[in-house]
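# Structural description and commentary
Listed below are the residues making up each chain.
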Amino acid sequence: MSVLIYLIPVALLMGGAGLALFFWAMRDGQFEDLDGSANRILIDDEEGEDA
Amino acid sequence: MNAPAVIDTAAAAPLTDTRLTVPGMRCAGCIAKIERGLNALEGVFQARVNFSAKRVAVRHGPSLDEDDLVEALRHLGFEAQAVAADPLVRDGKETRALLRALAVAGFGMMNIMLLSVSVWSGAGGVTRELFHWLSAIIALPVVAYAGRPFFASAAMALRYRRTNMDVPISIGVLLATGLSLYETVTGGQHAYFDGAVMLLFFLLAGRALDAAMRGRTRAGIGALLGRMGRSAGVVQPDGSIRRVAADSLEPGMLMLVAAGEALAADGVLEDVAAATIDNAMLTGESLPEQVAVGADIHAGAINLMRPIRVRVTRTGSDTAIAEIARLMDEAGQSRNRYVRIADRASRLYAPAVHALAALAFIGWMIAGAGWHQSLVIAIAVLIITCPCAMGLAVPAAQVVASGALIRQGLLVKDGSALERLAGVDIALFDKTGTLTLGEMRADTGGLSDEQKAAALSLAQASRHPLSIGLAKSLMAEGIVPAAVTDIREMEGVGISGRIGMREIALERPQAGGDGPQVQLRVGEDAALIRFADRLRPDAPAALARLRSLGVGASMVSGDSAAAVARMSEHLGIPGEGEVAPAGKLGALATLKAAGHRLLMVGDGLNDGPALAAAYASIAPGTASDASQQAADAVFIGERLMPVALAVQVARRTMAIVRQNFGFAIGYNILAVPLALAGMVTPLIAAVAMSLSSLVVVGNSLRLARAARDHRA
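Residues numbered from 1 in each chain as written. Chains lettered and ligands numbered in written order. Predicted model: local features only at pLDDT ≥ 70, side-chain atom pairs only at ≥ 80, totals over all residues.

## Notes on the sheet that holds strand 19 (residues 502-507) of chain B
Residue and element names in this part refer to chain B. With antiparallel pairing, the 6 strands of this open sheet are ordered in space as 16-21-20-19-18-17. Each end of this open sheet is capped by a strand with a single partner; those strands are strand 16 (441-443) and strand 17 (485-490). This sheet shows a mean twist of 20° between the axes of neighbouring strands, independent of strand direction. Judged from the 6 bridges that link them, strand 20 (residues 517-522) and strand 21 (residues 525-532) form a sheet pairing that is antiparallel. Bridge pairing in strand 21 places V518 opposite I529. Packing against the sheet, helix 17 (residues 465-476) makes contact with strand 16, strand 20 and strand 21, and its axis sits at approximately 65° to strand 16. (Pairing = 2+ DSSP bridges. Helix = DSSP H or I, 4+ residues; strand = E, 2+ residues; numbered from the N terminus. Axes fitted to C-alpha atoms, helices over the stretch in contact; angles between N-to-C directions. Contact = placed C-beta atoms within 7 Å.)

Have a look at this one:
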């Protein structure tokens, strides 16, 4: 059972890292424009568009 | 990118942020067109499209203002309007706070479950004590953070001596946490940290869904009375012009209204000749109106041609537009009394749960179980009856349904709107702009490409409704405007210019024909362009769909009786013409008195009071701001079918909501006796809670297909 001494902190750290990542993503505006991001990959580069 | 140059100008002048709503963007091409077009403008530092919210945020220098940006977007082929940033930011904050709380609760729930599973599977002695302590260390901050929305709402309700759904939730969570802490300290058998945190997680999921739904649709809706002029140029005794804010105007002042400017107050035209104004905001009528000298002009009307002088008669809250706003406000009061189904349920539910838990405690005390065991049982009752499935039953279904409707071009403002849409049994339509497209579309079939290019370049330079309609039709065909010089607009005659040496003009034709038309002259050649306000292409089909749902339709309009009669014969629905805003309210009251639940569909500001007073209401995306504000839902695009779909999907949603409630109540009927008997362990509570929530969410997801299945 002594392995728990490592495993539990590891589990908590990984969960905490996920939580921190989510908070960062939200503050960074990653969820602001979900549909827009899906559409932007279809936009050609500057030269590609005919005027 | 010429970044260095841009940074130079940025350093020299302060930058402003302007947000514009652009409802017309539909594809990746639109994003590219808008961003490139705006970024190419002189003075624009950065333009960024938010496609989900249909908004553009522009960072620009002082050389540009809102009107310039709207004008630039119009040239790119998009209708746009500036929006105030504040209310949207606040909405976003609420959703974000709930999402953060949800993430924290999810993190806590997973880790505590991990520990609890090993306790349930038989961990004992020191290991169990260690795990309980670990759970406590995780649970306390999680409950404190993730529980705040509920604690705050419960405290608010208690302060006003009322009770709501959040009161039993808060009591349950706090008691469970407190007792678990006691158990942990004294080395007891059971801790309820997992139940408390899981409860918060599922409830927060429901709240976050509810908030996301409200935030998503509010983004497209502008501010009330945004189109009324904010200031006016007032002629001083010495002949000079001074800008005066709309609320400092006084009757008797003489306003000089520039071409394209909206009037900031009601007044009388005091000038040498008649003027042409666009009164669409007030009447919904799309053709420009001739106003004789001495006639009344209302605030919100737009002066289309040369500058005019208007003597102010009424200002601010006395204007006709403010009067309509007041009517709308009063009419909306009755709707605020509508109680949402979830609130009706909780009004009965919360006291029942409190009473039940208290009875369990007292009953077991009398039976001699000791205060500790009695309290554990009372908490089990509170937790198991805590409305996880109840809390999810309504928002889950409504969010899925509104998502499905958005893909069909209909934005529903909130859950209560969806509930009321389901209940309608008769529909009242406005004509212009609702059954019809509400704008003059040009028939450009007979024109050559050269003529089209010339016509577009002239039409873009004018604010006349026919020019705007012509420019729209031509831009939709992908025509590129020709380079024109010497553009001159003459009131009552037309607009002219030259390409190279050739004279071109858009002018009033000599011979009057049927309906509005314009003569295009390029050099010596002349061509006639006809305009018509077309019926929405699928209007008959949409009305038939409504009829099949048992919703009869009729038409009321401020337009001439003859035009309304023609339309009503064509569509096969009864119609009434020349109806004033108060008359529409009267028609509504008659139907209401007859026991009907009325769906009002209209766009003009004159429909505003009726939209606010009706049981449920829908406005097209081209409607005036005030009407969009008053309506429960807004449909976008040229199709009328979203209106019929809204009723259909709303009814389906309510059926699912009822199933969800039925399930949640059935679950309680099974679980509560077990809890009262003291047979519910934390394991059973946790499994029952997750299972019931999952069933409710799964059932709601069936709605995603509802709008698609019923499409054509």
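## Section: the interface of chain B and chain A
Between chain B and chain A, the contact holds 19 residues from the first and 19 residues from the second. Put simply, the parts of the chain that give the side of chain B that touches chain A at least two residues each are helix 2 (28-39), strand 2 (44-50), helix 4 (86-120) and helix 5 (125-146) of chain B. In terms of residue count, the dominant contributor to the side of chain B that touches chain A is helix 4 of chain B (9 residues).

## Overview of the pairing of strand 3 (residues 55-60) of chain B
Residues and elements named next belong to chain B. Two strands pair when backbone bridges link them, and strand 1 (residues 16-21) and strand 3 are joined in this way by 6 bridges, in the antiparallel orientation. When the bridges of strand 3 are listed, T18 appears paired with V58. Here 6 bridges tie strand 2 to strand 3, and the two strands are oriented antiparallel to one another. Residue pairing for strand 3: N50 is matched across the bridge by R55.

## Regarding helix 5 of chain B
Residue and element names in this part refer to chain B. Under the 1.5 Å per step criterion, the end-to-end length of helix 5 is 31 Å for 22 residues, consistent within 8% with the ideal 32 Å. Maximum bend of helix 5: about 25°, positioned at A139, with proline P141 one to four residues after it. Among all positions of helix 5, only F131, H132, S135, I138, A139, V142, V143 and A146 are buried. (Expected span 1.5 Å × (residues − 1). Bend = angle between axes of the 7 residues up to and from the residue. Buried ≥ 20, exposed ≤ 12 C-beta atoms within 10 Å, placed from the backbone.)

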